[in-house]
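Residue strings, one per chain:
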Amino acid sequence: MNRIFSFIFLALLSFVFIILQTTLLSPIHFGLFYPDLNLILIVFLSLFSETKGGAIIALGNAYMTDVLSGYLFGIHTFSRLAVFTILKGFSENVYSQSKLAQGIAIFFSTIFSWFFIWAVLKMKTDIDFNISTGAVIAQGAINILVGFPIFWIIKKTHARIQT
């Protein structure tokens, strides 16, 4: 029964993060320096959730981000699913409770996600999609600063649901 509550909690949290990111914390208000709550949640899922449920939530989250973002359709779905898959593979061999490992996972997932989006847009469209390396690194740092408290809150709330 706790697995069902856990899945429902993480799915609802995914919807809340999507709503927050597309309204209050959108790139319209902050430019490239916005926290990517959906990516942070996917990193959390890859490090701390079981594979099947985490993959379903990550896929749903990425798909809804695609629907609401206005980017090329499928770009978040594939990039975020790739982030989940890569980090899930690494989390099997790394102590994911370490703050250092969590920070590295958030930072490199941000870089990978932006690189993936840039590569797909470069191949598929004629749009001049220029993004600076400094801006990507800055967003990675912002994601780390926002990600640590989010990880802590999710883990505390998730622990209460598990009991």
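Residues numbered from 1 in each chain as written. Predicted model: local features only at pLDDT ≥ 70, side-chain atom pairs only at ≥ 80, totals over all residues. Heavy atoms only, no water.

1. Observations concerning the environment of P27
Stated precisely, the cut-off is as follows: The numbering of helices and of strands both runs from the N terminus, where a helix is a DSSP run of H or I of at least 4 residues and a strand a run of E of at least 2. In what follows, residue pairs with any heavy atoms lying within 4.5 Å of each other are defined as contacts.
Within the secondary structure, P27 sits in helix α2 (residues 27-30). Sequence separation between P27 and S69 is 42 residues, and the spatial gap between their C-alpha atoms is 9.8 Å. Those residues within four positions of P27 in sequence are excluded, and the remaining contacts are Q21 and Y34.

2. Some details on the confidence of the model for the protein chain
Under the convention used in this document: Confidence of the predictor in every single residue is expressed as pLDDT, which spans 0 to 100.
Per-chain confidence: the protein chain averages 84 in pLDDT, with 93% of residues scoring 70 or above. No element of the protein chain has a lower mean pLDDT than α2, which averages 72, and none a higher one than helix α3 (residues 37-48), which averages 92.

3. Points about the packing of aromatic side chains
Short version of the rule: Only the six-membered ring of Trp is used, alongside the rings of Phe and Tyr, when aromatic pairs are assigned; centres must lie within 6.5 Å, and planes under 30 degrees apart are stacked while those over 60 apart are edge-to-face, with the rest tilted.
This structure, assessed with the given rule, holds 6 aromatic pairs. With a centroid separation of 5.4 Å and 80° between ring planes, the pair formed by F107 and F108 is classed as edge-to-face. Three or more aromatic residues link up through ring pairs in this structure, and these residues are F44, F48 and F151.

4. Re a nonpolar patch on the surface
What counts here: Nonpolar side chains (Val, Leu, Ile, Met, Phe, Trp, Tyr) within 5 Å and like charges within 9 Å form the patches, drawn only from residues with over 30% relative accessible area and no salt bridge. Accessible areas in this description were obtained via Shrake-Rupley with a 1.4 Å probe; residue shielding takes into account the shown protein chains only. We define a salt bridge as a contact between a side-chain nitrogen of Lys or Arg and a carboxyl oxygen of Asp or Glu at a distance within 4 Å.
On the surface, I4, F5, F7, I8, L12, F15 and I56 cluster together into a nonpolar patch covering about 670 Å² of accessible area. It is helix α1 (residues 2-22) that provides the largest number of residues to the nonpolar patch, a total of 6 residues. With respect to the secondary-structure elements, F7 resides in helix α1.

5. Comments concerning the pattern of salt bridges
So the rule is basically this: For each residue, the accessible area found with a 1.4 Å probe, counting protein chains only, is set against the maximum for its type, and the residue is called buried under 20%, exposed over 50%, and partly exposed in between.
Enumeration according to the criterion identifies 1 salt bridge in this entry. Between D36 and R80 there is a salt bridge, with the nearest N and O atoms lying 2.7 Å from each other. Residue D36 is located in the loop between α2 and α3, and its partner R80 is located in helix α5 (residues 75-91); the two are separated by 44 residues in the primary sequence. Overall, the relative accessible area of 3% leaves D36 in the buried class. R80 gets classed as buried once you look at its relative accessible area, which sits at 2%.

6. What about the packing of α3 against helix α4 (residues 51-69)?
Condition: Axis definition: a line fitted to C-alpha atoms, over the contacting stretch in the case of helices. Angles run 0 to 180 degrees between N-to-C directions. Angles are sorted into four bins: roughly parallel if under 35 degrees, roughly antiparallel if over 145, roughly perpendicular if 65 to 115, and oblique for all others. Here the term charged refers only to Asp, Glu, Lys and Arg, the term nonpolar to Ala, Val, Leu, Ile, Met, Phe, Trp, Tyr, Cys and Pro, and the term polar to all other amino acids, Gly among them.
At a closest axis distance of 10 Å, the pairing of α3 and α4 adopts a crossing angle of 170°. Between α3 and α4, the angle is such that the two are roughly antiparallel. Side by side, α3 and α4 meet where N38, L41, I42 and L45 of the first sit next to G54, I57, A58, N61 and T65 of the second. In terms of residue class, the contact of α3 with α4 is built from 5 nonpolar, 4 polar and no charged.

7. Some details on the packing of helix α6 (residues 99-124) against helix α7 (residues 133-162)
Stated precisely, the cut-off is as follows: Crossing handedness is read from the near helix: turned anticlockwise from the far helix by less than a right angle, it gives a left-handed crossing, and turned clockwise, a right-handed one.
The contact between α6 and α7 brings their axes to 9 Å, and the two run at 135°. In terms of orientation, α6 lies oblique with respect to α7. Crossing geometry of α6 relative to α7 is assigned as right-handed. Touching K99, Q102, G103, I106, F107, T110, I111 and W114 of α6 are V136, I137, Q139, G140, A141, N143, I144, G147, F148, F151 and K155, all from α7. The class makeup of the residues in the contact of α6 with α7 is 10 nonpolar, 7 polar and 2 charged.

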